[in-house]
Protein chains: 2
Amino acid sequence: MSTATDSSAQSPAETPTETPDKTPDKAPDAALASALRAHLDGPFGEVRDHCRALDAATFGPPSVPLPMDEHRSRVTSQLSALAQQPYAASGFPERQGGTARYGEAVAAFEMLGHSDLSLFVKAGVQWGLFGGAVSLLGTSRHDHLVPRLVSGELQGCFAMTETGHGSDVQSLLTTATFDPATDEIVVHSPVPAARKDYIGNAARDASLAAVFAQLVVDGESHGVHCVLVPIRDGAGAPARGVTIEDCGPKLGLDGVDNGRLLFDHVRVPRSNLLGRYGDIDDDGAYSSPIDNPSRRFFTMLGTLVRGRISVAGGAGAAARSALAVTTTYAVGRRQFAAPGSDVETTVLDYRTYQRRLLPRIATAYALQLAQHELVSAMDDVLAGRTTSEQDQRQLETRAAGIKVLTTRHATDTIQECRELCGGAGYLWSNRLAALKADTDIFTTFEGDNTVLLQLVAKSLLTEYQATFGDLDTAGIVRFGARLVGGTVIERSSARGIVQRLVDAAPGREEDVTFGIRGTQLRLLREREEHLIEGLARRLRRATAPGVDAFAVFNATQDHLVDAGTAHVERVVAETFAASVECCADEDARAVLSRVCDLHLLSTIERHKAWYLEHDRLSPARAKALTALVNEVCAELRPHAQTLVDAFGIPAGLLTTEMSGTT
Amino acid sequence: MSTATDSSAQSPAETPTETPDKTPDKAPDAALASALRAHLDGPFGEVRDHCRALDAATFGPPSVPLPMDEHRSRVTSQLSALAQQPYAASGFPERQGGTARYGEAVAAFEMLGHSDLSLFVKAGVQWGLFGGAVSLLGTSRHDHLVPRLVSGELQGCFAMTETGHGSDVQSLLTTATFDPATDEIVVHSPVPAARKDYIGNAARDASLAAVFAQLVVDGESHGVHCVLVPIRDGAGAPARGVTIEDCGPKLGLDGVDNGRLLFDHVRVPRSNLLGRYGDIDDDGAYSSPIDNPSRRFFTMLGTLVRGRISVAGGAGAAARSALAVTTTYAVGRRQFAAPGSDVETTVLDYRTYQRRLLPRIATAYALQLAQHELVSAMDDVLAGRTTSEQDQRQLETRAAGIKVLTTRHATDTIQECRELCGGAGYLWSNRLAALKADTDIFTTFEGDNTVLLQLVAKSLLTEYQATFGDLDTAGIVRFGARLVGGTVIERSSARGIVQRLVDAAPGREEDVTFGIRGTQLRLLREREEHLIEGLARRLRRATAPGVDAFAVFNATQDHLVDAGTAHVERVVAETFAASVECCADEDARAVLSRVCDLHLLSTIERHKAWYLEHDRLSPARAKALTALVNEVCAELRPHAQTLVDAFGIPAGLLTTEMSGTT
């Protein structure tokens, strides 16, 4: 394969001698890295340190791509070894034999994101999705299953997605019909599109499936419920009436045995219905604590929020792995001598390289800190410290939003890192290849990102449905104000800090000073408010008589996506800003503050067209913004290695053949 | 794996009945598709049809990912079968036993881009890179090798890239030292960084390597030259002094045996020097037809331009495969019923989906047509119909630019297509996984895209070096004017058409009418001119005394990248516009014109921030632009299947398990 050439007319360089760099590399500052790590580790630092000490040979990724069957076997064994660790039990309440340390469970799971993502997903299916369904949708009659699934003795899968319905779960076609004659539930796939598809753990290991199906009792459909269906007998053969297919090879995650399930009038006892939100009593009568079928459906799904939070965590970890590999490469790699010099320049000294790498490191910081807030909020909800339905819904909205931003960030970042490492980035041995292949699905599983962003925006509107009904201009303004003030589950101290920062910034005027944190935050708020307000106006038209509601809805789709994005970006930015203020170590705080600048400014810069189009920035200020992002990149460049060292990626999981100079 | 849910409160849909769609799908229009295909096929339609008729079982991709060794064997066999086809010989002049149909060779090669990309790359290495080096850098004493390499009897590799030097070929470290005592050349890797790396065909099959090395004669270095070095003996073992390593598994292209070569004072006869641009005579004296070493270097590399053109062709083909798979999925897939309806909506009817898919189809058209121009220009140069150095340099610039745009387009498009197909897009069987993995390297091989864009911009400046020397304001304006008028190798008719379109557009004023082709083109021209002019001004400062030239150069890097991009985008846009005017079929021309609108408008929209920042578009016009792109998407939606049918992807190469509804 040939390569690019530069048109500058240098004489052939001699073997480079090791003379000082253009930008003298600070030796990575161990104390600073350590202080940054302590901050980045957030509330579950001990758990992270425990995971860091786990044996990389046991839990690490394979050193070469294995044949699919071998890879699957390896991951199954790793899962057994993982069951010996305390963290599977952390995800379940004490009455089910767990330790109810939900935040720790998710933090430990996130650390698996630095290892083989197949193991990450397999563990997520077993304990998060299958275990979560049993634990959260089941009743006391299912509690006995939990210790068995925690230990791995009982393996299960989560059979929700169907071939014909991915994003639209509510419309899935599998039926679960109560037969009072035998006191059984009959699970059936009425059409090929009802086939359960892409089901992790189904092709090889699971003996029990948590099957989502339309529950029909006495001829009446009660919407989607979950039923436990044995899919394999003791010998591992498909159970009677169950057809199991293998999804076969995929782009990545080949250690996960994704499969397909078809049910032909499969009978299970009535007690197999996970009946917390809708059960059938001994007389064969259906009842639910939630009357409204739609509310019931969303409540059930809402309990499974941990899945999205966990995917966000793993995606963030994978992106940090890629950034660490690439930064280590970039601070050592030299290419092209500067005019008048025979010392080749370190690639990270090139502006184009800095622009591609450093803002992504800053965003990795932002998302990591946002993840902590999210996990802590989840911990509060699951442990029952927060009980309002509003808090639950806000958690779901936040989880959806952070999942989108983090998985998008992971996909984009790993791609960019692959390219930044050139041919070396394409080799399996340097890890980027596996990271790329394995994480690619994250943008569409546990919720398609585009659909999720619309969900985020709609949730924001729904929350104010009462106000929305008669929304006049004054109402819209109030709506915007309340949106900023009240929609998020935030530590009240954080909210106070952010408000103080914003209040301290000069008012909106031509002469925007981008270096002021409050101004940065205000710009992101303004974008969110404007987008949501505009959306409210447009959607209101859909309710007018004679209007084609679908046409209006469809025309606002991209507006919904933008509004959802703007909301989550603002939330992440505010979390970062508040977190900087709370950083105890002075040196770390100074660097962190600059990283925060880079994340916020590059986020604003990405939406430069919007700010110009809406007259929030003048052309001159927009140009100044780009110049400032360049400056901050150059300023952070000497800290690059320290910044990724602070990720604290477990030893042994980043071994690569790459080194810059040789 | 769980999925997203929509918050609209629909009752569970029944099995969808097949009723008419929201947007009635026109049955794909075979006559229209055929007319569009004839236009898209360009000057080498017969070659394409011949390739379409090739047996997919013989030349197609494997149906499952094979173990690496097995995949490599398969590709090696396929290469032998391919050697029976007439197209390998097309790429060589008659005096070397070829048929000198260079354009046909590249067009046929491009069609391989719809098949297994490993075969595409393997063929490219054997006939394009290795064959090209022998043919174009060798002298008559090497002509006898060509028939043997065309038939595949002699297999070779192209050993340019080194571990320590990828983009900066001029600084590579391998030495080729003439030893007059034995009349031999000694090829040597003096340091580990001199190791030849990522060399296709090296790990398994090649017996001869075209090795790029610093040629030293009588103690004097003459810069990079190419020497033929046998790397394997008759039994396939490494030749004496040659160390061969295997790069091992990669993200994709596992059918290509990439390897590493190290030379320990390997002696080859003097005649092994490919001496067309620098040779050693019987007296041991070096001479070259080109005195200036730098010019000599770039002339040698310039002859190898076909590699980049071919990669662009393959990348374009791969992107079209992905678009065809995805469009077929999207016109059949339904998800979510519209309010008040129990018929689920076809996903391509959603605006967000249209926005993600249709502009990429339009860009695929643009790049395919630009590729034809490029291949025709290359055909003229290689066949000697165009001989000026300026034309050669312009061809190189154009090739670099189109390579960047097309490989970027391929990577982005295949990623987007994967996501648009959800879980189905992640399965190996649906082809997107292989397309993604295999093409990922294209953005950095045959020239790193970021480096190439800077090369493009520098070439534009270099071409006007004389003017540039004393560039005052008037000079800069002339420079801009000449840039648009004269830098491209275009059929003069095309240039005339474009100028006529631009002249017909109203002048620059507030009330820009985006629907007018000339206005669309003028906007793209203005961006290019402004960026190049600004660049010229900034770089001029670097020549002032006392200025840190590296700092100036580095600060303008992103400006160079933008200028290079703007140039190529303008060229591609003009080619498309001219091509529309030349389309003979009236119906096809009407649709093509709308596709051209979509490509041009979405290109302008992507740079919306720039137009606003430079006061070329008002906020109101910028918003109108987005609305218009939405409109054109909706208008083209019923033609989507026809548009991808027109790609004429060989039967048997697109078989997937995906279908929309089931």
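Residues numbered from 1 in each chain as written. Chains lettered and ligands numbered in written order. Predicted model: local features only at pLDDT ≥ 70, side-chain atom pairs only at ≥ 80, totals over all residues. Heavy atoms only, no water.

### Observations concerning the overall build of chain A
Then, number 1: Check the secondary structure of chain A and you find 25 helices and 13 strands.
Then, number 2: Classification of the 662 residues of chain A by burial places 67% in the buried group.
Then, number 3: Restricting the contact set of chain A to residue pairs at least 6 apart, pairs at least 24 apart contribute 74%.
Then, number 4: With an accessible surface of roughly 22300 Å², chain A has 52% of that area assigned to carbon and sulfur atoms. (Helix = DSSP H or I, 4+ residues; strand = E, 2+ residues; numbered from the N terminus. Buried < 20%, exposed > 50% of the residue type's maximum accessible area, 1.4 Å probe, protein only. Contact = heavy atoms within 4.5 Å. Areas by Shrake-Rupley, 256 points an atom, 1.4 Å probe, with all protein chains shown as cover.)

### As for the packing of helix H21 (residues 557-581) of chain A against helix H22 (residues 586-606) of chain A
Residue and element names in this part refer to chain A.
Then, number 1: Remark: H21 packs on H22, axes separated minimally by 9 Å, with the N-to-C direction vectors making an angle of 165 degrees. Classified by the interaxial angle, the pair formed by H21 and H22 is roughly antiparallel. Here H21 runs over H22; the crossing is left-handed. Seen from H21, the contacting residues are Glu569, Val572, Ala573, Phe576, Ala577, Val580 and Glu581; seen from H22, they are Arg589, Leu592, Ser593, Val595, Cys596, His599, Leu600, Thr603 and Arg606. (Axes fitted to C-alpha atoms, helices over the stretch in contact; angles between N-to-C directions. Parallel < 35°, antiparallel > 145°, perpendicular 65-115°, else oblique. Left-handed = near helix turned anticlockwise from the far one by under 90°.)

### So, the sheet that holds strand S4 (residues 196-199) of chain A
Residue and element names in this part refer to chain A.
Then, number 1: Taking strand neighbours across the sheet as the criterion, the three strands line up as S4-S8-S7 in an open arrangement whose pairing is antiparallel. With partners counted over all chains shown, the strands left at the sheet margins are S4 and strand S7 (242-246), one partner each. This sheet shows a mean twist of 20 degrees between the axes of neighbouring strands, independent of strand direction. (Pairing = 2+ DSSP bridges.)

### A word on the pairing of strand S3 (residues 184-188) of chain A
Residue and element names in this part refer to chain A.
Then, number 1: In terms of residue burial, S3 counts as a mostly covered element, since four of its five residues are buried.
Then, number 2: Sheet topology places strand S2 (residues 175-179) next to S3; five bridges connect them, and they run antiparallel. Considered in S3, the bridge of Thr175 is made with His188.
Then, number 3: Linkage of S2 to S3, two consecutive antiparallel strands, is achieved through a turn of four residues, within which Asp183 is found at a positive phi near 60 degrees.
Then, number 4: The pairing of S3 with strand S9 (residues 266-269) spans four bridges and is antiparallel. The residue of S9 that forms the bridge with Val187 is Val266.

### What about the pattern of salt bridges?
Close approach of charged atoms lets side chains of opposite charge pair.
Then, number 1: Tallied over the full model, the rule gives 88 salt bridges over all chains.
Then, number 2: Here Asp49(B) makes a salt bridge to Arg52(B), at a shortest N to O gap of 2.8 Å. Residue Asp49(B) and its partner Arg52(B) are located together in helix H2 (residues 45-52), separated by three residues, close to a single helical turn.
Then, number 3: Judged by its relative accessible area of 12%, Arg52(B) falls in the buried class.
Then, number 4: Via salt bridges that share partners, Arg356(A), Arg360(A), Glu416(A), Glu419(A), Arg408(B) and Asp412(B) belong to a single interconnected network. (Salt bridge = Lys/Arg side-chain N within 4 Å of Asp/Glu carboxyl O.)

### Digging into the packing of aromatic side chains
Then, number 1: Within this structure, the stated rule accounts for 16 aromatic pairs over all chains.
Then, number 2: Seen from their ring centres, Phe297(A) and Phe298(A) are 4.9 Å apart, and the 75 degrees between their planes marks the pair as edge-to-face.
Then, number 3: Residue class for Phe297(A) comes out buried when judged on its relative accessible area of 4%.
Then, number 4: Under the relative-accessibility criterion, Phe298(A) is labelled buried at 11%.
Then, number 5: Ring centres of Tyr365(B) and Phe647(B) lie 5.6 Å apart, and the angle between their planes is 50 degrees; on these two criteria the pair is classed as tilted. Of this pair, Tyr365(B) sits in helix H11 (residues 351-382) while Phe647(B) sits in the segment after helix H25 (640-645), and the two are 282 residues apart along the sequence. (Phe/Tyr/Trp six-rings, centres within 6.5 Å; stacked < 30°, edge-to-face > 60°.)

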